[in-house]
Amino acid sequence: MKRTMLIIALFAVLLVSMSAHTERVFEAADGFSAPDITVENRHQSVSLSELRGKYVLVSFWASSNAQSRILASQYDAFARNINEERFCLLSINLDRSERLFREIVRRDNLSAESQFFVSGNDAAAISDTYHLSGGYQSFLIDPQGKILATNPSNSTLEKFVCS
């Protein structure tokens, strides 16, 4: 009887530790591993896991959200002045209309290579993965794939990327 209880207790401990680890890997918050996503535009297809070894800023925005659109422009300007071997910007638009997205990219003079349009089920999956229900956010990810900062300022970006 004691042996059976010991086996059950060990199994329970193993199960709890595995589930805690799994949740930690996929939580989109500072200190956690960034969930992997793949996006594509006219220039390229990019997977977050392919960018390991670089700092990556994943920025989610929409034309209807003024704050996220302003940040998309600021992040784009920052990315243009940084060494591409150390840093990559994935600016992901979640608008419903690709035509609107293209017009905003043109009007705001954003770099087309770092801008990605995602809609429909793909946008819903990314929103769920990164917990974007509360609004549009940005995540600075270190070369090992850990989230360093959520909605980083330019000074935070400079501190990590330019040091």
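Below, the structure is looked at part by part. Remember, predicted model here, so these are calculated numbers, not experimental data.

How each quantity is defined
Within any chain, residue numbers begin from 1 and follow the written order of that chain's sequence. Where totals are concerned, whole chains, interfaces and linings use all residues; where local detail is concerned, this predicted model gives features only for residues with pLDDT of at least 70, and gives and counts side-chain atom pairs only at 80 or more. Based on all heavy atoms of the structure, the side-chain values leave hydrogens and waters out of the count. Put simply, DSSP H or I for four residues or longer makes a helix, DSSP E for two residues or longer makes a strand, and each gets a number counted from the N terminus. When a residue's accessible area, from a 1.4 Å probe over protein chains only, is under 20% of the maximum for its type it is buried; when over 50% it is exposed; and in between it is partly exposed. In what follows, residue pairs with any heavy atoms lying within 4.5 Å of each other are defined as contacts. Polar contact criterion, stated in full: a pair of N or O atoms within 3.5 Å, where within protein one must be able to donate a hydrogen and the other to accept it, and residues adjacent in sequence count only if both atoms are side-chain atoms. To estimate the expected span of a helix, subtract one from its residue number and multiply by 1.5 Å. This arc describes the spread of directions from the helix axis toward the C-beta atoms. Strands are treated as partners if at least two bridges between them are detected by DSSP. Whether a crossover is right-handed depends on one test, that the path from the first strand over the helix to the second runs clockwise when the strands point away from the viewer. Residues grouped as a nonpolar core are buried Ala, Val, Leu, Ile, Met, Phe, Trp, Tyr and Cys residues, joined through side-chain atoms within 4.5 Å. Aromatic contacts are taken between Phe, Tyr and Trp rings whose centres are within 6.5 Å, Trp giving its six-membered ring; a plane angle under 30 degrees counts as stacked, one over 60 as edge-to-face, and the others as tilted.

### So, the overall build of the chain
Looking only at helices and strands, the chain features five helices and seven strands. The N-to-C order of helical and strand elements in the chain reads α-β-β-β-α-β-α-β-α-β-β-α. Within the chain, the proportion of its 163 residues that are buried is 39%. Considering only contacts in the chain between residues 6 or more positions apart, those separated by 24 or more positions represent 68%.

### Details of the environment of asparagine 81
Structurally, asparagine 81 can be placed in the loop between helix 2 (66-80) and strand 4 (87-93). Here the side chain of asparagine 81 touches alanine 77 through a polar contact of 3.1 Å, landing on its backbone oxygen.

### Remarks on the side chain of asparagine 93
When you line up the elements, asparagine 93 lands in strand 4. The class for asparagine 93 is buried, based on a relative accessible area of 0%. At 2.8 Å, the side chain of asparagine 93 forms a polar contact with the backbone nitrogen of aspartate 95. Those residues in contact with asparagine 93 that lie beyond four places of it in its chain are Trp61, Ala62, Ser63, Phe101, Phe116, Phe117 and Val118.

### Regarding helix 2
In an α-helix, one full turn covers 3.6 residues, which means residues spaced three or four apart are oriented alike. If you check helix 2, its first and last C-alpha atoms are 22 Å apart, about what 15 residues at 1.5 Å a residue would give, namely 21 Å. Along helix 2, the positions that sit buried rather than exposed are Ser68, Ala72, Tyr75, Asp76, Phe78 and Ala79. Each buried residue of helix 2 lies within a common arc of 160° when the element is viewed along its axis, so the set occupies one face. Exposed and facing more than 90 degrees away from the buried side of helix 2 are Ala66, Gln67 and Ile70. The inward-facing, buried residues of helix 2 abut strand 3 (55-61), strand 4, strand 5 (115-117), strand 6 (138-141) and helix 5 (154-161).

### Some points on the pairing of strand 4
Burial analysis of strand 4 places seven of its seven residues in the buried class, which makes it a mostly covered element. Relative to strand 4, strand 3 is paired through seven bridges, and the arrangement is parallel. Along strand 4, the bridge assignment pairs valine 56 with cysteine 88. Handedness of the strand 3-helix 2-strand 4 crossover: right-handed. When strand 4 meets strand 5, the two strands line up parallel, connected through three bridges. Across the sheet, the residue bridging to asparagine 93 is phenylalanine 117, located in strand 5.

### Re the nonpolar core
Counting 22 residues, the largest nonpolar core has Leu48, Val58, Phe60, Leu90, Ile92 and Tyr130 as its most contacted members. Phe78, Ile82, Leu140 and Ala149 belong to the second largest nonpolar core, which has 12 residues in total.

### Points about the packing of aromatic side chains
Within the structure shown, the criterion is met by six aromatic pairs. A ring pair is formed by phenylalanine 60 and tyrosine 130, whose centres lie 5.3 Å apart and whose planes are at 50°; its orientation type is tilted. Placement of the pair is phenylalanine 60 in strand 3 and tyrosine 130 in the loop between helix 4 (120-129) and strand 6, with a sequence separation of 70 residues. Taken together, Phe60, Tyr130 and Phe139 form an aromatic cluster joined through their ring pairs.

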